[in-house]
Amino acid sequence: MYANSKKAMLLQAAARIVRRDGVSKLTQDALAEEAGVSKGGVLYHFPSKYALIAALAEMRIAQFEENIGTLTAQDNQEAGRWTRGYVRASAKPQEEGDPSVGLLAAAASDPAVMGKIRERFAEWQARTESDGVDDATATLLRLAADGLWLTEMLGLAPPAGKLRERVVARMLELSQDSEGV
């Protein structure tokens, strides 16, 4: 997204702050200190905390889409390929201290950021519906993948161990079904 740029370096530092300290501690001063730049350098790229949060959310979405693309490219079956990539990307173990929960909470307070997130989900839903498998089954799988990710992110009794493996395997199995459930 911002490969090898000052902006990318600042976003990586911001993600470290959110992972370590929470989104409430993400300030322009804290970012300047973490990144070893002046506050003016931060303000040049991110004139407000909301601009910074929007860029972080965009970065996380871009990383997720990159994961989907990588996983989709490794899939040899045409029908359901994108849906399986989405399921696999959603089911990837989350990094310790993944900043997504903080970003999600902060984004929810900014209608512009939430609007961009909603647009991406609408695009993903459209891809899901046109992926060559029954659209209701594909939508069910997208919603299940989102639910798995959310329950793990928030610690809401997510399935673990062998059960989690079986759930993900069953989701992938259902994505092979072009006739529907």
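Whatever comes next refers back to the structure up there.
Residues numbered from 1 in each chain as written. Predicted model: local features only at pLDDT ≥ 70, side-chain atom pairs only at ≥ 80, totals over all residues. Heavy atoms only, no water.

Asks: Can you explain the overall build of the protein? Please cite residues and give values.
Replies: When you go through the protein residue by residue, the secondary structure sums to nine helices and zero strands. When the helices and strands of the protein are read in sequence order from the N terminus, they spell out α-α-α-α-α-α-α-α-α. Expressed as a percentage of its 181 residues, the buried residues of the protein come to 42%. Considering only contacts within the protein whose residues lie at least 6 apart along the sequence, 66% involve residues at least 24 apart. Accessible area of the protein: about 9,700 Å², with a carbon and sulfur share of 54%. (Helix = DSSP H or I, 4+ residues; strand = E, 2+ residues; numbered from the N terminus. Buried < 20%, exposed > 50% of the residue type's maximum accessible area, 1.4 Å probe, protein only. Contact = heavy atoms within 4.5 Å. Areas by Shrake-Rupley, 256 points an atom, 1.4 Å probe, with all protein chains shown as cover.)

Asks: I'd like a description of the packing of helix H7 (residues 111–129) against helix H8 (residues 135–154), backed by residues and values.
Replies: Where H7 meets H8, the closest approach of the two axes is 8 Å, and the angle between their N-to-C directions is 140 degrees. For the element pair H7 / H8, the angle class is oblique. Two packed elements cross with a definite hand, and for H7 against H8 that hand is right-handed. Note on element contacts: H8 touches H7 through Asp135, Ala138, Thr139, Arg142 and Asp146, opposite Phe121, Gln125, Thr128 and Glu129. Split by residue class, the contact of H7 with H8 holds two nonpolar, three polar and four charged. (Axes fitted to C-alpha atoms, helices over the stretch in contact; angles between N-to-C directions. Parallel < 35°, antiparallel > 145°, perpendicular 65-115°, else oblique. Left-handed = near helix turned anticlockwise from the far one by under 90°. Nonpolar A, V, L, I, M, F, W, Y, C, P; charged D, E, K, R; others polar.)

Asks: Describe the environment of Asp146, naming the residues involved and giving the relevant values.
Replies: Residue placement: Asp146 occurs in helix H8. Among residues more than four places away in sequence, those in contact with Asp146 are Tyr86 and Phe121.

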